[in-house]
Amino acid sequence: MDIFTALADPTRRHILEKLNREGALSIKRLTADLPISRQALTKHLNRLIKAKLIRADFVGKEKLHRLNPKPLQQLDNWLAPFSERWDKRLEALQTYLENDDD
């Protein structure tokens, strides 16, 4: 599964946001605010692991899921030129609208 397919699902984006905010979490903590079953969450987690967006490590008997920021940084680096181009276009539009004498 590629990163775009993994990020397309709102539940998976929610999981990533929660891991980003709170750090490593168990399945029990991840399901606390999601209206899905533990089995459904496990499927989402496995897809995120396959896309290398998260990793899971055992700490004692508990399996903790952690955000893997490297693929997201690579995505951000890839998107940066597109973002810069649109920023320049929007700045030009703003300048045009501010200087419009009508």
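Computed from a prediction, not measured in an experiment: that's the story for all the values here.

## Digging into the domain arrangement of the chain
Thinking step 1. Here the chain is described as being made up of domain 1 (1-69) and domain 2 (71-102).
Thinking step 2. Each partner contributes residues to the interface: domain 1 has eight residues there, and domain 2 has five residues.
Thinking step 3. In terms of surface lost to domain 2, no three residues of domain 1 exceed I3, F4 and P69, which account for 61% of the buried area on that side.
Thinking step 4. For the interface between domain 1 and domain 2, the tally reads zero salt bridges.
Thinking step 5. Of all the elements, helix α1 (residues 3-7) adds the most residues to the side of domain 1 that touches domain 2, at three residues.
Thinking step 6. Residue composition of the side of domain 1 that touches domain 2, by class: six nonpolar, one polar and one charged.

## Some details on helix α4 (residues 38-50)
Thinking step 1. An ideal rise of 1.5 Å per residue puts 18 Å on 13 residues; α4 measures up with 18 Å between its terminal C-alpha atoms.
Thinking step 2. On its buried side, α4 packs onto α1, α2 (10-22), α3 (27-31), β1 (54-59) and β2 (62-67).
Thinking step 3. Of the residues flanking the end of α4, it is K52, one or two places downstream, whose phi is positive at about 65°.

## Here we look at the pairing of β2
Thinking step 1. Bridge count between β1 and β2: six bridges; the pairing is antiparallel. Along β2, the bridge assignment pairs I54 with L67.

## Notes on the nonpolar core
Thinking step 1. Judged by nonpolar contacts, the single largest core of 18 residues is most densely connected at I15 and L53.
Thinking step 2. Taken together, the elements giving at least two residues each to this core come down to α1, α2, α3 and α4.
Thinking step 3. Every residue in contact with I15, bar those within four places of it in the chain, is listed here: L30, L34, L41, H44, L45 and L48.

## Notes on unusual backbone geometry
Thinking step 1. The phi dihedral of K52 is positive, around 65°, even though this residue is not glycine.
Thinking step 2. Residue position: K52 is located in the loop between α4 and β1.
Thinking step 3. Judged by relative accessible area, which is 57%, K52 ranks as exposed.

Rules of the game
- Residues numbered from 1 in each chain as written.
- Predicted model: local features only at pLDDT ≥ 70, side-chain atom pairs only at ≥ 80, totals over all residues.
- Heavy atoms only, no water.
- Domains from an automatic or database assignment.
- Contact = heavy atoms within 4.5 Å.
- Buried area = accessible area lost by both parts, 1.4 Å probe.
- Salt bridge = Lys/Arg side-chain N within 4 Å of Asp/Glu carboxyl O.
- Helix = DSSP H or I, 4+ residues; strand = E, 2+ residues; numbered from the N terminus.
- Nonpolar A, V, L, I, M, F, W, Y, C, P; charged D, E, K, R; others polar.
- Expected span 1.5 Å × (residues − 1).
- Pairing = 2+ DSSP bridges.
- Core = buried A, V, L, I, M, F, W, Y, C linked by side-chain atoms within 4.5 Å.
- Buried < 20%, exposed > 50% of the residue type's maximum accessible area, 1.4 Å probe, protein only.

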